[in-house]
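Remarks on the overall topology
So you can see what is in the structure, the chains are spelled out below.
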Amino acid sequence: MKKLPVSAFIIAKNETDRITTAIASVRDWVDEVHVIDSGSDDDTIKLSESLGAQTRFRAWTGYGPQKVYGESLCRNTWVLNLDADEEISPGLRDEIIALFANGEPACSAYRMLRTELYNFHERPHPWAPTSDWLRLYRKDRAGYKDSPVHDTVEVRQGKTGRLRGRFWHRSFRSFRHHVDKVNSYSSAQAEDRFRKGRNPSWLTLLFTPPLAFLKCFILRREFVNGIDGVLISYMYAFQRFIRLAKTRERFQLARRNNETENMTGRTK
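Everything numeric in this text was worked out from a predicted model, so none of it was measured. Residue indices follow the written sequence of each chain, beginning from 1 at its first position. Local features in this predicted model are restricted to residues whose pLDDT is 70 or higher, and side-chain atom pairs enter the listing and the counts only when it is 80 or higher, whereas totals over whole chains, interfaces and linings include all residues. Derived side-chain values reflect all non-hydrogen atoms in the structure, with water molecules and hydrogen atoms excluded from consideration.

What follows covers the overall build of the protein chain. Scanning the protein chain from terminus to terminus reveals seven helices and ten strands. Principal axes of the C-alpha set define a box for the protein chain whose edges measure 75 × 50 × 40 Å. Contacts are residue-level and defined by heavy atoms, with any inter-residue pair within 4.5 Å sufficient. The contacts of the protein chain with a sequence gap of at least 6 include a subset with a gap of at least 24, amounting to 74%. In the form shown here, the protein chain has an accessible surface area of approximately 14,400 Å², with 53% of it arising from carbon and sulfur atoms. Positive charges come from Lys and Arg, negative ones from Asp and Glu, while His and the chain ends are left out of the count. Lysine's charge is taken at NZ, arginine's at CZ, aspartate's at CG and glutamate's at CD. Computing the positive centroid from 44 side-chain charges and the negative centroid from 33, the protein chain places the two 6 Å apart. Helix and strand assignments follow DSSP, with helices taken as H or I runs no shorter than four residues and strands as E runs no shorter than two, numbered in order from the N terminus. Using the Shrake-Rupley algorithm and a 1.4 Å probe, accessible areas are obtained, with residue cover drawn only from the displayed protein chains.

The structure is reproduced here in structure tokens:
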């Protein structure tokens, strides 16, 4: 198979159990694969190199900065970003190959659908929930913002197209892993919201969990997964709630520190 003039890059840490799937889904048809490791103490680096990927270490400074660095390693103008827990489906692979069949693609960037896969899935349900992501783009016309919390591609020039194919996301190894990941990510989100002055109201704290559950179970179609969909929807509601709770806590601590400083100043 002739390889496309596309560089793929993947950020990773301790992904021995999942990164093989990610690399294998692209290595046969993209020009090069880069893995940016932020300090794995398992065999992520060794395994990635054995699969043909080029590996670099970069200490973790946040999602955006890691991906900006990944872009800088790519020798091709066109880049494809993939996380270590993701996989390009055969259908999306064929669609991307067809996109380059007649030369330069028409758009500067392309959005694609991501489907969640859980540990009870072999392949996604036909009605499985999806989300929309921009992952294939010209790095001279688009690129990741350097936000440490949000990994978002900004298109600076040209049009954005849309692909019909999907890529698959295996975000959580288990519910324990889900809780650990949500706990870490929600702390960063809370700090980001605090810096932006977004203190949640009591109404937001009261209604966010039940509304988040309904959004996940009905609008995101988790009902297709039966009782497992109920569990997933509760976890989604929890992750939306805990970031608000941590944000409120951050504002409360700041207010108490200010009050303490004011009292100390008055007693001097």
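Attention shifts here to the pairing of strand β4 (residues 78–81). Buried, partly exposed and exposed residues are distinguished by accessible area as a fraction of the type maximum, computed with a 1.4 Å probe on protein chains only: under 20%, between the cut-offs, and over 50%, respectively. Both faces of β4 are covered, namely the face carrying Trp78 and Leu80 and the face carrying Val79 and Asn81. Only strands that DSSP links by at least two bridges are regarded as paired with each other. Across four bridges, the pairing between strand β1 (residues 4–12) and β4 is parallel. Its bridge partner lying in β4, Phe9 is registered against Asn81. Both β4 and strand β7 (residues 130–138) contribute to a ladder of three bridges, which runs antiparallel. From the neighbouring strand, Val79 faces β7, where its bridge partner is Tyr137.

Pairing of aromatic rings covers Phe, Tyr and the six-membered ring of Trp, with a centre-to-centre limit of 6.5 Å; geometry is then stacked below 30 degrees between planes, edge-to-face above 60, and tilted otherwise. Under the criterion given, the structure shown has ten aromatic pairs. Summarising the aromatic geometry, the rings of Tyr63 and Tyr185 are spaced 5.5 Å apart at their centres and angled 85 degrees between planes, so their arrangement reads as edge-to-face. Here Tyr185 lies in helix α5 (residues 175–195) and Tyr63 lies in helix α3 (residues 63–73), a separation of 122 residues in the sequence. Aromatic pair Trp78 and Tyr110: ring centres 6.1 Å apart, planes at 35 degrees, arrangement tilted. Here Trp78, found in strand β4, pairs with Tyr110, found in strand β6 (residues 109–116); they are 32 residues apart in sequence, far enough to count as distant. On the basis of relative accessible area, Tyr110 is assigned to the buried category, the value being 5%. As a reminder, the over-ring test applies to NZ of lysine and CZ of arginine, requiring each to be within 6 Å of the ring centre and within 35 degrees of the ring normal. Lying across the ring of Phe194, Arg250 places its NZ or CZ 4.0 Å from the centre.

Every buried residue of α3 is listed here: Gly64, Pro65, Gln66, Lys67, Gly70, Glu71 and Leu73. On its buried face, α3 is in contact with β1, β2 (30–37), β3 (54–57), β4, β7 and β8 (142–144).

Bringing the pattern of salt bridges into the picture now. By definition here, a salt bridge exists when the distance from a side-chain nitrogen of Lys or Arg to a carboxyl oxygen of Asp or Glu is within 4 Å. All told, the structure shown has 18 salt bridges when counted by the stated rule. Put simply, Asp151 and Lys67 hold a salt bridge, and the shortest N to O gap is 2.9 Å. A residue pair is termed long-range when its members are at least 10 positions apart, and Asp151 in the loop between β8 and β9 (153–155) and Lys67 in helix α3 qualify at 84 residues. Like Asp151, the residue Lys67 is buried in the burial classification. Look at the salt bridges and you will find they share partners, linking Lys67, Asp83, Glu86, Arg114, Arg135 and Asp151 into a network.

Turning our eyes to something else, we now look at a nonpolar patch on the surface. A surface patch of nonpolar side chains, about 880 Å² in accessible area, is lined by Trp202, Leu203, Leu206, Phe207, Leu211, Leu214, Ile218 and Leu219. Of note, Leu219 is situated in helix α6 (residues 202–219). You can call Leu219 exposed: its relative accessible area is 66%. Residues enter a patch when their relative accessible area is above 30% and they make no salt bridge; the linking distance is 9 Å between like charges and 5 Å between nonpolar side chains (Val, Leu, Ile, Met, Phe, Trp, Tyr).

The residue Asn14 is not glycine, and still its phi comes out positive at about 55 degrees. Relative to the helices and strands, Asn14 resides in the loop between β1 and α1 (19–24).

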